[in-house]
Amino acid sequence: MNAPHLAPVAPPAVSALSPLPRGRGGLSFPEALWAALGALNANKLRAALTALGIFIGVAAVMVTVAVGAGARQQVLAQIQSLGANLLLVWGGNVRMGGVSLGAGQRANISWDDAQAIPREIYAVQVAAGTIRQQQQIVAGNQNWATTVTATDPDWFVAHDWTLAEGRFFTVEENMAGRKVVLLGATVAEALFGEENPVGREVRIGATPFEVIGVLGRKGQNPQGQDQDDAVVMPYWTARRSVMGSSRAFARAVSTISVKVHEGEDMALVEEELRALFRQRHRVAANEPDTVQIRNLSEIAATRDASARTLSLLLASVAAVSLLVGGIGVMNIMLVSVTERTKEIGLRLAVGARPADILKQFLLEAVLLALIGGAAGVAAGFALAHLLGGLAGWPVLVQWDAVALAVAVSGLTGLFFGYWPARRAAQLDPIAALRAE
Amino acid sequence: MNAPLIETRDLARHYPSGEGVVAALDGVNVTIQPGEFVAAMGPSGSGKSTFLNLIGCLDTPTRGTYRLAGEDVAHLSTEALAALRGERIGFVFQSFHLLPRLDALSNVAMPMLYRGVPRAVREKRAAEALARVGLAGRMRHRPNQLSGGQQQRVAIARALVNGPELLLADEPTGALDSRTGIEIMALFQALNAAGVAVLCVTHDASVAAYAARTLRFKDGKMVEDRRHTPVDAAALLRDVA
Ligand SMILES: Nc1ncnc2c1ncn2[C@@H]1O[C@H](COP(=O)(O)OP(=O)(O)O)[C@@H](O)[C@H]1O
Ligand SMILES: [Mg+2]
């Protein structure tokens, strides 16, 4: 070989770079994040498909939490609107507004029964006897068919009614049979629109009544009936001026609303009520009760419990889908580590510490899960509103649930990404560089 | 006086193999001063790469000691070894090992990520390094848009970017045609002339000829340590042109 030799003092054609001053050391978080984004971006479709598992899980969480919370809130509102700590007493076998009693039927419940209850049972706060009848209400040229409730002033207390306008009627007005009424919000609107009905006159049949108040709005009851489509007047007014009275049942009521003091045992009060009615109605020991008693809050609470059960079921579905999504993340991260073994070897060779590699892959997994989680929140949101709109359910989006969903997906990524990331960090650089 | 850059005593690396062990490297004593250009030569399987990996702190010896710039690396933690690789050593591989989804500039800047160098400094230095290997006009090209020789230049720029004292190259011309190989060796000679020590592994005597010293390996042992006048790769290229 006849090669020319390097001159001893050849001027350098290229100079090497000056030593780089020691940095703050280590891979910074933003750089690791950027690198993770770049890695995900290089495999968009795969990242998207992997995130899909988390996406579905989180979307399911969002829908169930939103709809579940909405349903729960509805149930609680219903309990509230029905009146808390309330027992309802029906007369046995007697039809509402009943004037016709068949032969052999037992005695009805009466106004006097209602009056006796708070006297006889210490735990009872108030008891109000009530009769109801469908009537046409006329105001000027407007008219409206609704249910007229005739009752005791305590009925407002028993059912937790509030006032939007005016006042309730008094015991004296009841006793005197004064022709005063309160309108439910729906009736007030139908007859008077935006105007304040207090002080105005309505007619029921031929009888004029003064409107003394408008009830606060309650909305639908659990059966879907509008509780605000109501007119309320004193019991004795109705007896004398509206509903008439057969002599036999001049003091009859169709239901008695019994409000129990806060903190008292409802079941115990129910027993006491049964005993009281057996005594008052002189029921023989071998005969059945003359009355039916129902605990409305209990019915609503049962619905609440079933709503909770449903939520729990949906939550476990969500947990399973998150688990599956997490395993998907772990799987794809393991694939990614295997695919990028050479890259990891190279990074280790140029000065990456195992902790840096761990950080990079862990961030990638968390990011993947978070992207799925964030998209799941958005989709769950939209779906919840769509479903709610279609089915007429209330939808309640709770922001802490959103935060929880995002946090859970991030933690899923962290948990399921840790093992693959650790594998990456513990790779032997020489073996990694030689990998195919 | 300054410590030698590399000093090994009875350096050995054994691998378990079946019943017994393979002595990939078996008791190597060598001292290399800063700024030397050394070739490690020998047939395939003679232990050259094993030696290079030990020198590059990618591997730990089964026996013996290795001092890098006077410091016994056996006492260093994983983190300290990583830092050492980042700061003092640059690696060049036969198959380049560029990251395909990054352009030349980002590939070159990558090692600085692990030293916490701010982005602006990284880009400036990476551009400088690319300019010094003659690729100022190819910064935004991805590896698959570059020829083999250009890819190896990018890899050399990456090895240079942290300003190391030592370049370790394992068969750097192995994947290149002979003329491109000479260009790469000319680049190493120029970098060496600027003060960087080079340890180049090759099985090819004509490649080893560009070094000023050749260590010959056989069956894991160093069987020859010879100083010689290097062939001037740049001049060779001028003559051929
Ligand atoms: N990870 C390993 N496990 C087992 N044997 C190995 C390993 N790495 C290298 N060897 C063996 O060590 C010897 C030297 O290998 P190497 O240093 O790569 O040789 P060279 O680079 O000179 O071709 C060979 O016999 C090889 O098979
Ligand atoms: Mg080799």
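Heads up: these notes are all about the structure in this document. Since we're looking at a predicted model, the values are computed, not measured.

### A look at helix 12 (residues 399–425) of chain A
Phase 1 of the analysis: Here helix 12 of chain A spans 37 Å end to end across 27 residues, near enough to the 39 Å set by a 1.5 Å rise per residue.
Phase 2 of the analysis: Where helix 12 of chain A bends most, the angle comes to about 40°, and this point is A:Y418, followed within four residues by the proline A:P420.

### Topic: the site of ligand 1
Phase 1 of the analysis: Close to ligand 1 lie A:R434, B:Y15, B:A24, B:P43, B:S44, B:G45, B:S46, B:G47, B:K48, B:S49 and B:T50, which account for all nearby residues.
Phase 2 of the analysis: Ligand 1 is flanked by residues contributed from chains A and B.
Phase 3 of the analysis: Within the backbone of B:G47, a nitrogen or oxygen atom sits 3.0 Å from an oxygen atom of ligand 1.
Phase 4 of the analysis: Protein coverage of the free-state accessible area of ligand 1, which is 560 Å², stands at 66%.
Phase 5 of the analysis: Here the shell around ligand 1 gets three residues from one element, more than from any other, and that element is helix 1 (residues 48–55) of chain B.
Phase 6 of the analysis: Of the residues in the shell around ligand 1, the class split is three nonpolar, six polar and two charged.

### Overview of a negative patch on the surface
Phase 1 of the analysis: Residues A:E264, A:D265, A:E271 and A:E272 make up a contiguous surface patch of negative charge.
Phase 2 of the analysis: Tracing the sequence through the fold places A:D265 in the loop between strand 9 (255–260) and helix 8 (266–280).

### Describing empty space enclosed by the protein
Phase 1 of the analysis: Summed over all chains, the structure comprises one cavity of 30 Å³ or more.
Phase 2 of the analysis: Its volume calculated, the largest cavity comes out at about 70 Å³.
Phase 3 of the analysis: Lining of the largest cavity is provided by A:A349, A:V350, B:R85, B:G86, B:I89, B:G90, B:F91, B:P111, B:R158, B:A159 and B:N162.
Phase 4 of the analysis: Looking at which element gives the most residues to the lining of the largest cavity, the answer is strand 6 (residues 89–92) of chain B, with three residues.
Phase 5 of the analysis: Grouping the amino acids of the lining of the largest cavity by side-chain chemistry returns six nonpolar, three polar and two charged.

### Re unusual backbone geometry
All names here are of chain B.
Phase 1 of the analysis: The backbone of F96 sits at a positive phi, close to 65°, despite the residue not being glycine.
Phase 2 of the analysis: For D219, which is not glycine, the phi torsion reads 50° and is therefore positive.
Phase 3 of the analysis: As for its placement among the helices and strands, D219 is situated in the loop between strand 9 (213–218) and strand 10 (221–227).

Calculation rules
Residues numbered from 1 in each chain as written. Chains lettered and ligands numbered in written order. Predicted model: local features only at pLDDT ≥ 70, side-chain atom pairs only at ≥ 80, totals over all residues. Heavy atoms only, no water. Helix = DSSP H or I, 4+ residues; strand = E, 2+ residues; numbered from the N terminus. Expected span 1.5 Å × (residues − 1). Bend = angle between axes of the 7 residues up to and from the residue. Near = heavy atom within 4 Å. Polar contact = N/O pair within 3.5 Å; in protein donor to acceptor, adjacent residues only side chain to side chain. Areas by Shrake-Rupley, 256 points an atom, 1.4 Å probe, with all protein chains shown as cover. Nonpolar A, V, L, I, M, F, W, Y, C, P; charged D, E, K, R; others polar. Patch = residues over 30% accessible without salt bridge, like charges linked within 9 Å, V, L, I, M, F, W, Y side chains within 5 Å. Salt bridge = Lys/Arg side-chain N within 4 Å of Asp/Glu carboxyl O. Lys, Arg positive; Asp, Glu negative; His and termini not counted. Charge placed at Lys NZ, Arg CZ, Asp CG, Glu CD. 1 Å grid on protein atoms, 1.4 Å probe; cavity = no way out; pocket = protein on both sides within 12 Å on 5 of 7 lines; lining within 4 Å. Points joined across faces, edges and corners; volume = space filled by probe spheres on them.

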